[in-house]
Amino acid sequence: MSRFRIGVGLLVLLLVVCVWSQLRMSQIQKPIAAEVAQAEDYAAREDWPAAAAAVSEAKAAWEENHTFVASLADHQPMEDIESLFAMLEAYAEERDGTEFRAACQDLTRRILAMKEAHEFNFGSIF
């Protein structure tokens, strides 16, 4: 009977860790995506200092959580996101509104896709 309890305990612990990691990924990704979307809005209004600051804030949040995200996520999407952050900085310096807004949309979509890939749902179980 004690082996059964140990097994159930380990399964419960694993479930708790999985749910916690999913919630943490969501907590990390949502604000970053929102900040990038805000940068896009600033660029549409030609407020380049605010757009650059929003991108800088989003990138700082991304880098702050890099280790945790890297432990759970595929590295190729992460590298794509990091390259888009670098492109955004260049577009902000050049004040290229069209490219900046397009890169913001792409970056937001990729961040949200990473969040959705780590969401807990019944489809991921079966």
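Since the structure is predicted, the reported quantities are computational estimates derived from the model, not experimental observations. (Residues numbered from 1 in each chain as written. Predicted model: local features only at pLDDT ≥ 70, side-chain atom pairs only at ≥ 80, totals over all residues. Heavy atoms only, no water.)

**Considerations on the packing of aromatic side chains**
At step 1: In this structure the tally under the stated criterion is 3 aromatic pairs.
At step 2: Measuring from centroid to centroid gives 5.5 Å for W20 and F68, while their planes differ by 75°, and the two rings are edge-to-face. With W20 in helix α1 (residues 2-44) and F68 in helix α3 (residues 66-72), the pair connects residues that are 48 residues apart, well separated along the chain.
At step 3: A relative accessible area of 48% places W20 in the partly exposed class.
At step 4: Over the aromatic face of F68 sits the side chain of R24, whose NZ or CZ is 6.0 Å from the ring centroid. (Phe/Tyr/Trp six-rings, centres within 6.5 Å; stacked < 30°, edge-to-face > 60°. Helix = DSSP H or I, 4+ residues; strand = E, 2+ residues; numbered from the N terminus. Buried < 20%, exposed > 50% of the residue type's maximum accessible area, 1.4 Å probe, protein only. Lys NZ or Arg CZ within 6 Å of the ring centre and 35° of its normal.)

**Regarding helix α4 (residues 75-94)**
At step 1: Helix length check: α4, at 20 residues, gives a terminal C-alpha distance of 29 Å against a target of 28 Å (1.5 Å per residue), a fit within 8%.
At step 2: Listed as buried for α4 are M78, I81, L84, F85, L88, Y91 and A92. The buried residues of α4 all sit within an arc of 140° when viewed along its axis, so they share a single face. Counted as exposed and oriented over 90 degrees from the buried face of α4: E93 and E94. (Expected span 1.5 Å × (residues − 1). Arc of directions from axis to C-beta.)

**Remarks on a nonpolar patch on the surface**
At step 1: Taken together, M1, F4, V8, V12 and V16 make up a surface patch of nonpolar side chains, about 520 Å² in accessible area.
At step 2: Its location among the elements puts F4 in helix α1.
At step 3: The exposure class of F4 is exposed, given its relative accessible area of 54%. (Patch = residues over 30% accessible without salt bridge, like charges linked within 9 Å, V, L, I, M, F, W, Y side chains within 5 Å. Areas by Shrake-Rupley, 256 points an atom, 1.4 Å probe, with all protein chains shown as cover. Salt bridge = Lys/Arg side-chain N within 4 Å of Asp/Glu carboxyl O.)

**Structural notes on the side chain of S21**
At step 1: Examined against the element boundaries, S21 turns out to sit in helix α1.
At step 2: On the basis of relative accessibility, which here comes to 13%, the residue S21 falls in the buried class.
At step 3: A distance of 2.9 Å separates a polar atom in the side chain of S21 from the backbone oxygen of C18.
At step 4: When neighbours within four sequence positions are excluded, S21 is seen to be in contact with F68 and L72. (Polar contact = N/O pair within 3.5 Å; in protein donor to acceptor, adjacent residues only side chain to side chain. Contact = heavy atoms within 4.5 Å.)

**A closer look at unusual backbone geometry**
At step 1: A positive phi is found at E46, a non-glycine position, where the angle reads about 65°.
At step 2: A relative accessible area of 52% means that E46 is categorised as exposed.
At step 3: With a phi angle near 55°, R95 is a residue other than glycine that sits in the positive phi range.
At step 4: Its place among the elements puts R95 in the loop between α4 and α5 (97-117).

**Topic: α5**
At step 1: In a regular helix each residue adds 1.5 Å, so 21 residues correspond to 30 Å; α5 covers 30 Å between its end C-alpha atoms and thus fits that length.
At step 2: Buried residues belonging to α5 abut α1, α2 (48-64), α3 and α4.

**Some points on the nonpolar core**
At step 1: Among the nonpolar cores identified, the biggest contains 29 residues, and W62, V69, F85, F100, L107 and M114 are the most heavily contacted of them.
At step 2: Secondary-structure elements contributing two or more residues to this core are α1, α2, α3, α4 and α5.
At step 3: Discounting chain neighbours no more than four positions away, the residues touching W62 are Q29, I32, V69, M78, I81, E82, F85 and M114. (Core = buried A, V, L, I, M, F, W, Y, C linked by side-chain atoms within 4.5 Å.)

These results come straight from atomic positions and should not be treated as a statement about function.
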